[in-house]
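Structural overview
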2 protein chains.
Amino acid sequence: VARYLLTIQYLGTRYAGWQTQKNATAIQQVIEEALTRLCGGTVRVAGAGRTDSGVHARGQTAHADIPIAIDQRGLLLGINGLLPPDIRVSGAIPVRDDFHARFDARGKTYTYRIWNSSVADVFAAPTHALVPGQLGVEKMQEAAASLEGKHDFRSFTVIDPEVSSTVRNVERIAVKRDGARIEIVFEGEGFLRYMVRRVAGLLIETGSGRLDPSYARTTLEPTFREARWTAPPEGLTLERVEYEEEFMGS
Amino acid sequence: VARYLLTIQYLGTRYAGWQTQKNATAIQQVIEEALTRLCGGTVRVAGAGRTDSGVHARGQTAHADIPIAIDQRGLLLGINGLLPPDIRVSGAIPVRDDFHARFDARGKTYTYRIWNSSVADVFAAPTHALVPGQLGVEKMQEAAASLEGKHDFRSFTVIDPEVSSTVRNVERIAVKRDGARIEIVFEGEGFLRYMVRRVAGLLIETGSGRLDPSYARTTLEPTFREARWTAPPEGLTLERVEYEEEFMGS
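Quick notes on the rules
- Residues numbered from 1 in each chain as written.
- Chains lettered and ligands numbered in written order.
- Predicted model: local features only at pLDDT ≥ 70, side-chain atom pairs only at ≥ 80, totals over all residues.
- Heavy atoms only, no water.
- Helix = DSSP H or I, 4+ residues; strand = E, 2+ residues; numbered from the N terminus.
- Buried < 20%, exposed > 50% of the residue type's maximum accessible area, 1.4 Å probe, protein only.
- Contact = heavy atoms within 4.5 Å.
- Salt bridge = Lys/Arg side-chain N within 4 Å of Asp/Glu carboxyl O.
- Polar contact = N/O pair within 3.5 Å; in protein donor to acceptor, adjacent residues only side chain to side chain.
- Axes fitted to C-alpha atoms, helices over the stretch in contact; angles between N-to-C directions.
- Parallel < 35°, antiparallel > 145°, perpendicular 65-115°, else oblique.
- Left-handed = near helix turned anticlockwise from the far one by under 90°.
- Nonpolar A, V, L, I, M, F, W, Y, C, P; charged D, E, K, R; others polar.
- Phe/Tyr/Trp six-rings, centres within 6.5 Å; stacked < 30°, edge-to-face > 60°.
- Lys NZ or Arg CZ within 6 Å of the ring centre and 35° of its normal.
- Expected span 1.5 Å × (residues − 1).
- Least-squares fit on C-alpha atoms with pLDDT ≥ 70 in both.

Okay, the overall build of chain A next. Check the secondary structure of chain A and you find four helices and ten strands. From first element to last, N terminus to C terminus, chain A shows the α and β order β-α-β-β-α-β-β-β-α-β-β-β-α-β. The buried share of chain A, taken over its 250 residues, is 51%. The long-range share in chain A, meaning contacts at least 24 apart out of those at least 6 apart in sequence, stands at 71%.

Facing 23 residues of chain B, the contacting portion of chain A comprises 23 residues. There are zero salt bridges connecting chain B and chain A. The interface formed by chain B and chain A holds four residue pairs in polar contact (both at pLDDT 80 or more) in total. If you list the elements that add at least two residues to the side of chain B that touches chain A, you get β1 (2-10), β3 (56-66), α2 (72-82) and β4 (87-94) of chain B.

Residue and element names in this part refer to chain A. In total, this model carries 32 salt bridges over all chains according to the counting rule given. Among the ionic pairs, R96 bridges to D98, the shortest N-O distance being 3.4 Å. A relative accessible area of 51% means that D98 is categorised as exposed. Three or more residues are tied together by salt bridges with common partners; here these are R58, R113, E183 and E239.

Residue and element names in this part refer to chain B. As a packed pair, helix α3 (residues 137-145) and helix α4 (residues 195-207) sit with axes 8 Å apart at the nearest point and diverge in direction by 140°. With respect to their mutual orientation, α3 and α4 come out oblique. The way α3 lies across α4 gives a crossing that is right-handed. Between α3, through K139, M140, A143 and A144, and α4, the contact on the second element is made entirely by L203, I204, T206 and G207. Looking at side-chain class alone, the contact of α3 with α4 contains five nonpolar, two polar and one charged residues.

Going through the model one piece at a time under the given rule, you end up with 14 aromatic pairs over all chains. Look at Y10 of chain A and W18 of chain A: their rings are 6.2 Å apart centre to centre, the planes differ by 25°, and that puts the pair in the stacked class. On the accessibility criterion, Y10 of chain A (0% relative accessible area) is buried. A centroid spacing of 5.6 Å and a plane angle of 90° characterise the contact between Y110 of chain B and F191 of chain B, whose relative ring orientation is edge-to-face. You can see Y110 of chain B sitting in strand β5 (residues 107-115) and its partner F191 of chain B sitting in the loop between β9 (181-188) and α4, a full 81 residues away along the chain. Three or more aromatic residues joined by ring pairs make a cluster, and in this case those are Y110, F186 and F191 of chain A. One residue, R58 of chain A, lies across the ring of F123 of chain B, its end atom 4.5 Å from the ring centre.

It is worth spelling out helix α1 (residues 27-39) of chain A at this point. Residues and elements named next belong to chain A. For α1, built from 13 residues, the straight-helix expectation of 18 Å at 1.5 Å per residue is met to within 8% by its first-to-last C-alpha distance of 18 Å. Taken residue by residue, α1 has I27, Q28, V30, I31, E32, A34, L35 and C39 as its buried positions. Buried residues in α1 make contact with β1 (2-10), β2 (45-47), β3 (56-66), α2 (72-82) and β4 (87-94). Count one or two residues on from α1 and you reach G40, which has phi positive near 70°.

Expressed as a screw operation, the relation of chain B to chain A combines 0.0 Å of axial shift with a rotation of 180°, fitting to an RMSD of 0.0 Å. What the rotation and shift describe, once combined, is the action of a two-fold rotation axis. Across chain B, the smallest distance between a C-alpha and the rotation axis is recorded for F123 of chain B, namely 4.9 Å. A shared binding surface is used by both copies, with 100% of the interface residues of chain B retained as interface residues in chain A.

Function cannot be read off these values alone, since they describe shape.
Below you can see the structure in the form of structure tokens.
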């Protein structure tokens, strides 16, 4: 048995998110079924984090214990031959036996993509949220800057008994426009459930002029109830998960 | 009745190409049906050129005579509301009554996209041809350069009684790599049927080392039979069609 760190990309459109659940197809389950078939015995994968229904990933990670003798190339080609075309394993590297994809993760990057036009774009549509009215990127940048840093993001998530603290350190929220395309890049140690989509939703409201840029900081105050502007899932992509170098190599 | 020049984008995956035909859904037909519904009477569109089954467009153009009083914005929102999500009309501008999308076209740009890796990319897959073995871009560039200019591209097409000459002036064939992505940009006054995919196929053969870069020029010799390496349709996108300024404005 050898533990591998898998890098996984998927178009989340058809799936009920990362985590296996009843009555809906999850990405984790599809990968476990493919690995189980490849290895001829049950294989489980542990992801770095859940992504919600409809959310995409370019660099989700998960670890798995592979019970058969197979080299990296064989593992990669074998698993991809059994996966549907909207899920790919793009990398497989051996890691230490005590490596854990979730607990050893040191940072994550998400991108929220907006197609800001009255007409959707055929090529952008699967991975962008369509926002028709012209958004003011400078206002979005001003609001984003006030959310960077270590804050209690309680109002951006839902109560989860598994999560002990709602304080998170967000290193960067960068908003940039390229024609009709607006990208919001989020970098941080970790994010709470719905947090990225709720910050994106707040920034969209700000860009549209419905909220003042100075309003963003009030969402961090202890008395603030709920930042309930949740941007749609199709705009969100988990870009990468970072680990310390020491965990790599078998 | 007012003549409009429509700019159209589509993901060609589900369609039997641009041109309306029996027993298969073509993009032209889908647009004509939507315009006919919008206008409450038969509307035909004349495209700048046919694209083959599975080929995409970011800037296909077509002209149509719109029999109802409607402004540009209304036309754009109306037609897109009736089209499936893999076809969009991204622009509609009034043109002179004698304007013809095909006969007045002065230039076209196509891009052929290759994903050069043993593992497909979920996001690139719909618009890229997957080529697993490492391609030598410099070899492809050398072969491409020898095909630029005015040549008889007879060996890159099929006999078509509608086409009087197989001589075409190809202004540019630019090959560039960005990671696993290779793009071949074709610019010219016009291209023959299958020509872009057959040149792309020849360049892929050259990049793989199966053909020498110097072989490309022999395909232009009068004695050469057929450049039969046709690259798959999913890699090809019609990027734009150019017109003289004088035709614009009603």
